[in-house]
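# Fold and contact review
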Amino acid sequence: MQTPFYALTGVSVRVVRMIRVYNTLTRSKEDFVPLEEGHVRMYVCGPTVYDYPHIGNARSFVVFDTIRRYLEYRGYRVTYITNFTDVDDKMINRANEEGITVQELAARFIAEYYRIAEELNIKPATVNPRATEHIDDIIDMVERIIKNGRAYVVDGDVYFDVSEHPNYGVLSKISPDELSAGARVEVDEKKTDPRDFALWKAEKPGEPSWESPWGRGRPGWHAECSVMGAYYLGLPFDIHGGGQDLIFPHHENEIAQSSAAYDIETPVKYWLHNGFLTIESDKMSKSLGNFRTAREVLDNFDHQAVRLFLVSGHYRQPLDYNTQALQQATQSVERLRNAVDTLRGKIAILEKRGSGRTEADDRLAEAIDKLVEGFQREMDDDFNTPGALAEIFSFVRAVNTYTKDAQKTAVLRRAYATLAEVLGVLGLDMTGSGRQPGGEESSQQIEGLITLLLEVREEARARKDWATADRIRHRLKEMGIVVSDTKDGPTWKLEL
Ligand SMILES: [Zn+2]
């Protein structure tokens, strides 16, 4: 068995440089040093599973998947936790509207999340915990907060006492005065301070509820994430991610709860937040009629192009969704596929012929080193994916220029492996499913089978059995093999 191309990945020369990350907590770029050497523990707020994820949600999934992949590329083991919020007001309202249970609603949209994650090539998380699986742990945390004098109980509700928390506002940098005056804080006569928030909500008719020391009820949203992060990663952990809209109050409250319950001043070392996604320069909203679900976008565009679009901007900047941007991404994907195919084709030819070394091989080898260096430099700088893509496209130009005259299989294989590797970090797979070279033998067998099928089809055509001929062509197409009839007979290629 010959070594598959992909076994050569990881050959890139690693440069010694720190990864720098922008930490919302300090509002500055910092050297990334995980708390435990070689191991990164990371929590990302997952979806509330009450509706189809929109393309802005998909951006968040892709951003943090890319960051995780880069950390793995740089040799870290990453424990990646992303949750499902499967009980909250929005879920209860929607389930009541549809006359189904909250669990049924959750099951439907969790399944939808997994479909979208697969289409966007998002790596499975280490664990995808659901809030309702951790009710006892949430109760335990709330009890600790009460015991530490930082929460109070009113009629079966439990509220966090913000006035008792010294560094409230540490993440959002919102001062107590702004908070008290803020229209965002709901007026609730049960709270002693308008800034206080619910850790536990007393049961209301028609809502799911669990037994607790304060009577039946359900957890507050913020409490869920604090508990799942601490449960799977321990405190403190390295990275907490989410959209910018979660900085306040969700993440501010998470810090307050975890600090108050477990007596840790800084429960998370690095807070990373991705920017908003706009639609044709407008904020996406149902009332503006410009709302795009991830499903809709994935049904209309090549999945690789959607992923490429979502990493085409820096993760902290706003990103604008528009048809032109998606068309551009589609063209970019085409260029990447062509480069990958060019290399594959040349490697296949040389394997049959043997090779020497030419000037083009040397230029290509230089371009590989430049790609590795440039890609790492950009990604080390707070995961600058647009910069990384620019390096990749500069390499694609080198591939287009030098591959024709290159003769050295080792250089071409390294070009192929390096390109596939860096694209893989961005979650792009231009080798296509089933196209990952599985060694010479398997690909020869497949070629043999296709040739045999085409011979059978030619015989069917010769006896005017169009139904059989069409069926073979159709079934091959379903398998991603496109047959074209030329004047020299049928040819086939893999559809990418
Ligand atoms: Zn969360």
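Everything below is about the structure printed above this text.
These numbers were taken from a predicted model, which means no experiment stands behind them.

What follows covers the pairing of strand β4 (residues 77-82). Two faces make up the sheet, and in a regular strand the side chains alternate between them. Within β4, five of the six residues are buried, which leaves the element mostly enclosed by the surrounding structure. In this sheet, β4 lies alongside strand β3 (residues 39-44) in parallel orientation, the contact comprising six bridges. Residue pairing for β4: His39 is matched across the bridge by Arg77. What joins β3 to β4 is helix α1 (residues 55-73), and the crossover it makes is right-handed.

Sheet architecture is open: four strands sit in the order β4-β3-β9-β10, paired in parallel fashion. Each end of this open sheet is capped by a strand with a single partner; those strands are β4 and β10 (268-274). Within this sheet the neighbouring strands show an average axis-to-axis angle of 20°, counted without direction. Across six bridges, the pairing between strand β9 (residues 237-243) and β10 is parallel. What sits directly across from Gly241, in β10, is Leu272.

Within this structure, the stated rule accounts for 17 aromatic pairs. Note on Phe32 and Tyr76: the rings are 5.8 Å apart at their centroids and 90° apart in plane angle, and the pair reads as edge-to-face. Taken together, the residues Phe32 in the loop between β2 (28-31) and β3 and Tyr76 in the loop between α1 and β4 connect sequence positions 44 residues apart. Note on Phe32: relative accessible area 1%, which makes it buried. Aromatic side chains Tyr73 and Phe375 sit 5.7 Å apart centroid to centroid with 85° between the ring planes, which places their arrangement in the edge-to-face category. Remark: Phe375 occurs in helix α11 (residues 359-380) and Tyr73 occurs in helix α1; sequence separation between them is 302 residues. With respect to burial, Tyr73 and Phe375 carry one shared label: buried. Linked through ring pairs, Tyr70, Tyr73, Tyr315, Phe375 and Phe383 together constitute an aromatic cluster. Positioned over the ring face of Tyr22 is Arg316, at 4.0 Å from the centre of the ring.

Unfilled space is identified by rolling a water-sized probe across the atoms. Summed over the entire model, instances satisfying the criterion amount to two cavities of 30 Å³ or more. Of the voids in this model, the largest cavity is the one considered here, and its volume is about 60 Å³. At three residues, α1 tops the list of elements feeding residues into the lining of the largest cavity. A breakdown of the residues in the lining of the largest cavity according to their chemical character gives six nonpolar, three polar and no charged.

This part takes up the packing of helix α2 (residues 89-98) against helix α3 (residues 102-119). At a minimum axis separation of 9 Å, α2 and α3 run at an interaxial angle of 100°. By the criterion of interaxial angle, the relationship of α2 to α3 is roughly perpendicular. Here Met91, Ile92, Arg94, Ala95 and Glu98 of α2 come into contact with α3, specifically with Val102, Leu105, Ala106, Arg108 and Phe109. Residues that form the contact of α2 with α3 fall into these classes: seven nonpolar, no polar and three charged.

The rules behind each value
- Residues numbered from 1 in each chain as written.
- Predicted model: local features only at pLDDT ≥ 70, side-chain atom pairs only at ≥ 80, totals over all residues.
- Heavy atoms only, no water.
- Buried < 20%, exposed > 50% of the residue type's maximum accessible area, 1.4 Å probe, protein only.
- Helix = DSSP H or I, 4+ residues; strand = E, 2+ residues; numbered from the N terminus.
- Pairing = 2+ DSSP bridges.
- Right-handed = clockwise from strand over helix to strand, strands pointing away.
- Axes fitted to C-alpha atoms, helices over the stretch in contact; angles between N-to-C directions.
- Phe/Tyr/Trp six-rings, centres within 6.5 Å; stacked < 30°, edge-to-face > 60°.
- Lys NZ or Arg CZ within 6 Å of the ring centre and 35° of its normal.
- 1 Å grid on protein atoms, 1.4 Å probe; cavity = no way out; pocket = protein on both sides within 12 Å on 5 of 7 lines; lining within 4 Å.
- Points joined across faces, edges and corners; volume = space filled by probe spheres on them.
- Nonpolar A, V, L, I, M, F, W, Y, C, P; charged D, E, K, R; others polar.
- Parallel < 35°, antiparallel > 145°, perpendicular 65-115°, else oblique.
- Contact = heavy atoms within 4.5 Å.

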